[in-house]
Amino acid sequence: MTESQGIMGKGVARADARRLVAGAGCYVDDIGAPGALHIAFVRSTHAHAAILSVDTAAAACMPGVVRVVCAGDLEGICKPMQVAMPGLNMPTASLQYPLAIDEVCWQGAPVAAIAARSREQAEDAAEHVLVEYEELPAVVDAQQALTPDSPRAVLGREGNMALDCTFGNVNVAASFAAAATVVEQRIVFDRQTGVSLESRGIIAAFSPLSGELTVHMSHQSPFQMREVFSELLNLPNHRVRVVCPDVGGAFGLKLHAYPDEVAVAAIAILLGRTIRFQADRLESFLSDAHAREAIGVARLALDSAGRFLAFDVEALSGLGAYQPYPRGSVGEGLHMAQMVGAPYQFDNFRARLRAVHQNKSPTGAYRGVGQPLACTLTETLVDRAARAIGMDPAELRRRNFLPAEHTSRTTPAGLEMGAVSLQPCLDTLLAMMQYEDLRREQQRLRKQRVYRGIGIASFIEMTAVGAALYGANQIAVAAQEGCSVRLEPSGTVLCHSSATDQGQGVRTGIAQIVAQALGIGAADVTVRAGDTASSPVGGGAWASRGMAIGGQAALLAAEELRGKILKLGARILKTPAEQIELADGGLRSAANARTLSLAELANIAYFRQHQLPGGGCPELSATRHYAPQGFPYLTANGIQGCLVEVDIETGMIGVLRLWVVHDCGRVVNPLLVDEQIRGGVAQGIGGVLYEHCEYSESGQLSNGTLADYLVPMAGELPDIEVAHVASVAAETALGAKGVGEAGTIGAGAALWNAVNDALAPLGAAMEQQPFSPDRVLRALAVAARTSTSPALAPTADIDSVNA
Amino acid sequence: MKPSAFEYLRPNSLIEAAAMLEEAGDGAQILAGGQSLVPTLSLRLSSPTLLIDINRVADSAPLEHCDGVVRCGARIRHVELERSTMVRQHAPLLALAMPHVAHPAIRNRGTPCGSIALADPAAEIPACALALNADIVLQNSGGRRTVPAEKYFIGLYETARLSTEVVVELRFPAARSSDRFGFAELSRRRGDFAIVGIAAAAQLEDNGIRSLRLVIFGCEPIPRVSAAAHAMAQGREIGELPIEEIADAVAAELDPMENAQGDAAAKRQQAYAMAKRVMAQLNEREV
Amino acid sequence: MSQASKSSVDVAFVVNGSAISEQVAPRITLVDFLRQRLGLTGSHVGCEHGVCGACHVRVDGQVLRGCLLLAVQADGAEVQTIEGLSSSGEIADLQEAFVRRNAMQCGFCTPGMLMIAADILARREVPSREAIRDALSGNYCRCTGYQSIVDAIEEVALARHGIAA
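Residues numbered from 1 in each chain as written. Chains lettered and ligands numbered in written order. Predicted model: local features only at pLDDT ≥ 70, side-chain atom pairs only at ≥ 80, totals over all residues. Heavy atoms only, no water.

*Asks:* So, the overall build of chain B: which residues are in play, and what are the values?
*Replies:* The number of helices and strands found in chain B is 12 helices and 14 strands. For 287 residues, the compact-globule formula gives about 19 Å, and the C-alpha radius of gyration of chain B, at 19 Å, lands near that figure. Principal axes of the C-alpha set define a box for chain B whose edges measure 60 × 45 × 30 Å. The burial tally for chain B puts 60% of its 287 residues in the buried class. Partitioning the contacts of chain B with sequence separation of at least 6, the portion at a separation of at least 24 is 62%. (Helix = DSSP H or I, 4+ residues; strand = E, 2+ residues; numbered from the N terminus. Rg over C-alpha atoms; globule rule 2.2 N^0.38 Å. Buried < 20%, exposed > 50% of the residue type's maximum accessible area, 1.4 Å probe, protein only. Contact = heavy atoms within 4.5 Å.)

Structure below.
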């Protein structure tokens, strides 16, 4: 594609933005649905219990209540969900019913639903539903879930293990035996949740007369949900329409089929009317997909020159009670295990992942999906190695990075690695940070007992994931994206994309791509998405695919339309197509200087075909799909830097500066890309400094409000400096790689390294995130009691994962 | 999360409000700023049958400096204290504390009287009231009575206010020109509840400390004046306070609630740090 | 008023310049009333416990959390929502800066942010970036990392004082 002075690469403002700043967004809860009934759920208050009885008599009589729905009412209307991934060796998954039958396995599981004329009345009635429970033994701790005599998270299962798999090979033992240095790092990652500001919401309308189900929902993947509703509710595919309007943040949590949302659709069929549900904030904390709960122990073997020989990883992933339908949740553990060491060259690799069920909320996709964990394990380990051998951490990385000239190959971990640009990213980062100056200042301040820390973290990320993930596991999730373009009589272009937008701005990027191909302004391209009735079939938004795949589909469609425009233009202008220039909203013949606006061309084609020499009915539209071919995903890479100051008296950590250097190939819109990176960084920082879902020993979530679950606000973050290295992806004509998750993948690791760098002279190190002040103080206290040599942090016990 | 249903009354005077409270008995609550009450209703942690809204009463005292007292009536919002030059001059400790009270939109509506009525252990206003030896004026159907701050805070969310009484006025002794003040609060994020906070007021005679009221709040059920700090500071020259010793003693006195924010050891460590910072402020700050 | 009422109370107030007169149950919050009864869906519900700031509205000139005020309490008041601020043109420069700088992604926090930003801009002095971050400390955004929002507000603050950003 030509590199003319087009609008690709420009920071074009989003068309949506004008609506959003005027308060004219349209989110699910904004949609009026006269006569719709509101749902409030009765949810389990126990982590694990048998349901003995559900008494709805009192609730059914309360004002405004139309129906109280229990599990039995949905039998015959809605099948249970059962995750299956035949490509992985997993035991049969448990059935998950929309409303629990007989047994609840996590606090918050929906047990009954009230359909009433208002949400207030539904909640009033929900308080009067009497559920008799018999508490069952609960397993909450993931390590305990591994033990043979652990309570079963779901009754009747042989064990709590969902997946036990190994990557790499046993040669790793030889590497460790021959190593000059071995370092080890154990990290406990506390559970987190996505906390999108707009909670999950759904409006399901069923017409018994037409047999059609229309669903408006706050979701990332309308086509997936169409398949899900069709499958679970036994409706033919073409009678189900799913529309995703404006979505107020998603981050992966809105990728799943939730039992409460499925219940709403089923109730719409049961009652033959429109039913709506918006999760409130308490429900969100309890029932949105959680993520990140894991324990990782990683070891690195180095030779005497500081060259990496091998990585060895033990990973334990806590899944909650069920894997969410249809995608499952083992992806986080798989990436956590397999991607350790990804940016580096080394000979041997072994990783074992065990993913277990527990009586907690089901986990699912959350920005980065395991890659942030792999990056944190890797980069803390590399820093540990640097300290152990007395080498600067940046230098140690430089010596071991995958070289730029390396192209597609399979790593010892089994990863397909595309081209990388780690060295240029590191060079750029160190220059931006003025790294040497920071180190000098750090030394100077240490003498005054002011403890600053500098951390860097490099990362590889999988973007634009293709069909090898879900398709190979027979899960009906589209891994391709499509784009339809149509020239309108006004000379503008109407475009439908299967890529969905929850704020990333992908529609604007697509507008730019289409506009550049057709020689018009981005404002003259209207992009619609998110409606299975009009969008081309495609995946939606996940695994950083919007520009990389959706943009490529748009490019193909726009170029096809361009060809058609030129062909028709050639007939009208009586000029060979190759001598026609398409620019500024019109065609110009280089041969005879005749011009024709796109509007005029369109009018001839649509309204005045009789004027066409040679007759016929020209097509001025095109639809093209694109799926990654020949590669399972596009690897992007980057490196992040972090400067912190740790107040050793209070345990408070101040994040002073943040830097990101990222290579996502072609940058279609730098404004959008930089903001995606910054938002991702904020989430990564949040997970390390503030965020965790706190569970009691009996499996009760104790901090499920926004006052208690702490997310970073404006006062807690500094400005985030972003720079780009652009090695255009060779795999697609567009050359863009994904970027949506980049910020989150590396930020946590950079912060980990910065804090441990600050604490190193005191012999202290953090081993669990988030770094609450009391955990920092405890680490310092432990160091003060035990340390003799400040340079070395204590090594971890690998058996602690197996305990 | 929608509140349970309740009745709603909006009296024209505080006397009327007290009468309504008494008549309604259990299940009635006063609605002032609502910034703490309304969330509990939405969360259904609290289901009163009647809310008595005092936001339009005609007999609320103004925010004013009068006869050596800074008075603050029931309808006065936090933001009014925050923006008041009078408060900055005559009750500087309150001016120091105000930016720490929640967030701007909350301060626009929440009230200091309401904060005293709730007596959240992490709240700033109760700590300042204790440090300044303020008086709390309570209205009941029979009239008014005044309770000094030292006698007002009894236990966790438990105060001397009877359930038939309304907090109608706070009376802070106005600062003398030689008084020194300090305030520091440790919280996870800007505007969060205090993990541990210190509000301190020192009265000087010549350059010597006649009394030091150093109040710790946030990690015990009620705000508390540190006996040790007063004993160690009394008589000493300002500028020659044994800061570390006093901070040590403040930390040692602490009997913190252990919760998700940390164990006792962490909170003592943090109280020590905050106490040092406040005492450094006392040294340098003049009215 | 001195009559106790549970089911419905008369309220009359001005919203974005228009007088409204309705009956509302005491337990209905102002933000729910504005959204559901008046169709003013620009103010958003993010938490219903006063933490996220998505529900900010202006009541008698003050920015308040709409989820912490009962609709009945707005009786006699002058209420402005994001729709009103937008159509009056009061924040046109701020909105333009937000659009140009992409100071939003999903847009859900944006009305609440604009409300508090308008407040910051009404101050006499030009706020520092630190002061802007402090003033925004009660508004949750999950998408942006806040920097572009701070940039937009700073730019407008400087412009209004005649200083180029």
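Still to come is the rest of the account.
*Asks:* Residue-level account of the interface of chain B and chain A, with values.
*Replies:* Counting from both sides, the interface comprises 23 residues of chain B and, opposite them, 28 residues of chain A. Buried area between chain B and chain A, both sides added, is near 2,100 Å², and the carbon and sulfur share of it is 52%. Summed over the three residues of chain B that lose the most area to chain A, namely Met1(B), Arg188(B) and Arg189(B), the buried surface amounts to 36% of that side. Run the count over chain B and chain A and you get 6 salt bridges. (Buried area = accessible area lost by both parts, 1.4 Å probe. Salt bridge = Lys/Arg side-chain N within 4 Å of Asp/Glu carboxyl O.)

*Asks:* Give a detailed account of the interface of chain A and chain C, specifying residues and quantitative values.
*Replies:* Chain A puts 49 residues into the contact, and the matching count from chain C is 47 residues. Taking both partners together, chain A and chain C bury about 4,000 Å²; carbon and sulfur atoms supply 55% of that area. Taken together, chain A and chain C are joined by 6 salt bridges. Here Asp124(A) ties to Arg27(C) by a salt bridge, and the two come within 2.6 Å at their closest N and O atoms. For the pair chain A and chain C, the interface holds 28 residue pairs in polar contact (both at pLDDT 80 or more). (Polar contact = N/O pair within 3.5 Å; in protein donor to acceptor, adjacent residues only side chain to side chain.)

*Asks:* Summarise the domain arrangement of chain B; cite the residues concerned and give the values.
*Replies:* Residues and elements named next belong to chain B. We note that the domain assignment places domain 1 (7-53), domain 2 (64-173) and domain 3 (181-283) within chain B. Between the C-alpha centres of domain 2 and domain 3 the distance comes to 20 Å. Facing the 24 residues of domain 2 at the interface are 22 residues of domain 3. Between domain 2 and domain 3 lies a buried interface of about 1,800 Å² when both sides are counted; carbon and sulfur atoms form 69% of it. Of all residues in domain 2, the largest losses of buried area upon contact with domain 3 belong to Pro121, Ala122 and Leu130, amounting jointly to 25% of the total for that side. Glu150 serves as the salt-bridge partner of Arg213, at 3.1 Å between the closest nitrogen and oxygen. For the side of domain 2 that touches domain 3, the secondary-structure elements that each account for two or more residues are helix H5 (92-97), helix H8 (124-131) and strand S8 (153-155). Ranked by residue count, the leading element in the side of domain 2 that touches domain 3 is H8, at 6 residues. (Domains from an automatic or database assignment.)

*Asks:* Lay out the domain arrangement of chain A with the relevant residues and their values.
*Replies:* Residues and elements named next belong to chain A. Splitting chain A by domain gives domain 1 (15-24 + 480-626), domain 2 (35-136 + 197-250 + 253-287) and domain 3 (290-466 + 630-801). Just the C-alpha atoms count here: the centres of domain 1 and domain 3 sit 41 Å apart. Each partner contributes to the interface: domain 1 provides 17 residues, whereas domain 3 provides 20 residues. Roughly 1,400 Å² is buried in total at the junction of domain 1 and domain 3, and carbon and sulfur atoms are behind 58% of that figure. Where domain 1 touches domain 3, the interface holds 0 salt bridges. Between domain 1 and domain 3 we count 8 residue pairs in polar contact (both at pLDDT 80 or more) in total. Residue assignment for the side of domain 1 that touches domain 3 shows that the elements contributing at least two residues are helix H16 (506-518) and helix H17 (546-573). Among the elements that take part in the side of domain 1 that touches domain 3, H17 stands out by supplying 6 residues, more than any other. Tallied by class, the residues present in the side of domain 1 that touches domain 3 amount to 8 nonpolar, 8 polar and 1 charged. (Nonpolar A, V, L, I, M, F, W, Y, C, P; charged D, E, K, R; others polar.)

*Asks:* Account for the sheet that holds strand S30 (residues 720-724) of chain A, naming residues and giving values.
*Replies:* Residues and elements named next belong to chain A. Strand order in the open sheet formed by 4 strands is S20-S28-S29-S30, with mixed pairing between adjacent strands. Edge positions in the sheet fall to strand S20 (451-463) and S30, since each of these pairs with one other strand and no more. The average angle at which neighbouring strand axes cross in this sheet is 15°, direction not considered. In the packing of helix H14 (residues 435-447) onto the sheet, the strands contacted are S20, strand S28 (634-646) and strand S29 (653-663), and the crossing angle to S20 comes to about 145°. (Pairing = 2+ DSSP bridges. Axes fitted to C-alpha atoms, helices over the stretch in contact; angles between N-to-C directions.)

*Asks:* Could you give an account of the packing of aromatic side chains, with specific residues and numbers?
*Replies:* Following the criterion strictly, the structure yields 13 aromatic pairs over all chains and no others. Between Phe285(A) and Tyr709(A) the ring centres are 5.2 Å apart and the planes differ by 45°, which places this aromatic pair in the tilted class. Taken as a pair, Phe285(A) in helix H9 (residues 281-287) and Tyr709(A) in the loop between helix H19 (670-689) and S30 lie far apart in primary sequence, 424 residues in all. Side by side, Phe285(A) and Tyr709(A) carry an identical accessibility label, which is buried. Consider the rings of Phe183(B) and Phe217(B), whose centres lie 5.9 Å apart with planes at 35°: the pair is tilted. Here Phe217(B) lies in strand S13 (residues 208-217) and Phe183(B) lies in strand S11 (residues 180-186), a separation of 34 residues in the sequence. Assigned by exposure class, Phe183(B) and Phe217(B) land together as buried. One cation-aromatic arrangement involves Arg299(A) over Phe176(A); the distance from NZ or CZ to the ring centre is 4.2 Å. Taking NZ or CZ as reference, Arg545(A) lies 4.0 Å from the ring centre of Trp542(A), over its face. (Phe/Tyr/Trp six-rings, centres within 6.5 Å; stacked < 30°, edge-to-face > 60°. Lys NZ or Arg CZ within 6 Å of the ring centre and 35° of its normal.)

*Asks:* Go over the side chain of Gln442(A) with me, naming the residues and quoting the values.
*Replies:* All names here are of chain A. With respect to the helices and strands, the residue Gln442 is situated in helix H14. Judged by relative accessible area, which is 2%, Gln442 ranks as buried. When sequence neighbours within four positions are dropped, the list of residues in contact with Gln442 reads Arg452, Gly453, Ile454 and Asp757.

*Asks:* Tell me about helix H1 (residues 30-37) of chain C, and name the residues and values.
*Replies:* Of all 8 residues in H1(C), 6 are buried; the element is thus mostly enclosed. For H1(C), the complete set of buried residues consists of Leu30(C), Val31(C), Asp32(C), Phe33(C), Leu34(C) and Arg35(C). Looking at the buried positions of H1(C), the neighbouring elements they touch are helix H4 (119-126) of chain A together with strand S1 (9-15), strand S2 (18-24), strand S3 (56-59) and strand S5 (78-80) of chain C. Backbone geometry just after H1(C) places Gly39(C) at a positive phi near 70°.

*Asks:* An account of the confidence of the model for chain A is needed here, citing residue identities and associated values.
*Replies:* Here chain A averages 93 in pLDDT, while 97% of its residues score no lower than 70. With pLDDT under 50 throughout, residues 789-803 of chain A is counted as low confidence; its partners more than four residues away or in other chains account for 34 contacts. (pLDDT = per-residue confidence, 0-100.)

*Asks:* Describe the environment of Leu302(A), naming the residues involved and giving the relevant values.
*Replies:* All names here are of chain A. Position of Leu302 relative to the elements: it lies in strand S15 (residues 294-302). Taking the C-alpha atoms as reference, Leu302 lies 5.2 Å from Thr181; in sequence the two are 121 residues apart. Those residues in contact with Leu302 that sit more than four places away from it in its chain are Ala179, Ala180, Thr181, Val183, Arg307, Phe308, Leu309, Ala385, Ile389 and Leu396.

*Asks:* How would you summarise the sheet that holds strand S27 (residues 621-626) of chain A if you had to cite specific residues and measurements?
*Replies:* Residue and element names in this part refer to chain A. On the basis of which strands lie adjacent, the open sheet formed by 4 strands has the order S23-S22-S21-S27 and mixed pairing. Across the chains shown, the open sheet's two edge strands, defined by having one partner strand only, are strand S23 (525-529) and S27. Strand after strand, the sheet turns through a mean of 15° between neighbouring axes, direction not considered. As paired strands, strand S22 (residues 493-497) and S23 are joined by 5 bridges and run parallel to one another. Note that in S23 the partner of Cys495 across the bridge is Val527. Sheet contacts for H16: strand S21 (481-487), S22 and S23; angle to S23, the most-contacted strand, approximately 140°.

*Asks:* Residue-level account of the environment of Leu212(B), with values.
*Replies:* All names here are of chain B. You can see Leu212 is positioned in strand S13. With 193 residues separating them in the primary sequence, Leu212 and Ala19 have C-alpha atoms 40 Å apart. Residues contacting Leu212, with those up to four places away along its chain left out, are Ala200, Ala201, Ala202, Ala229, His230, Ala233 and Leu282.

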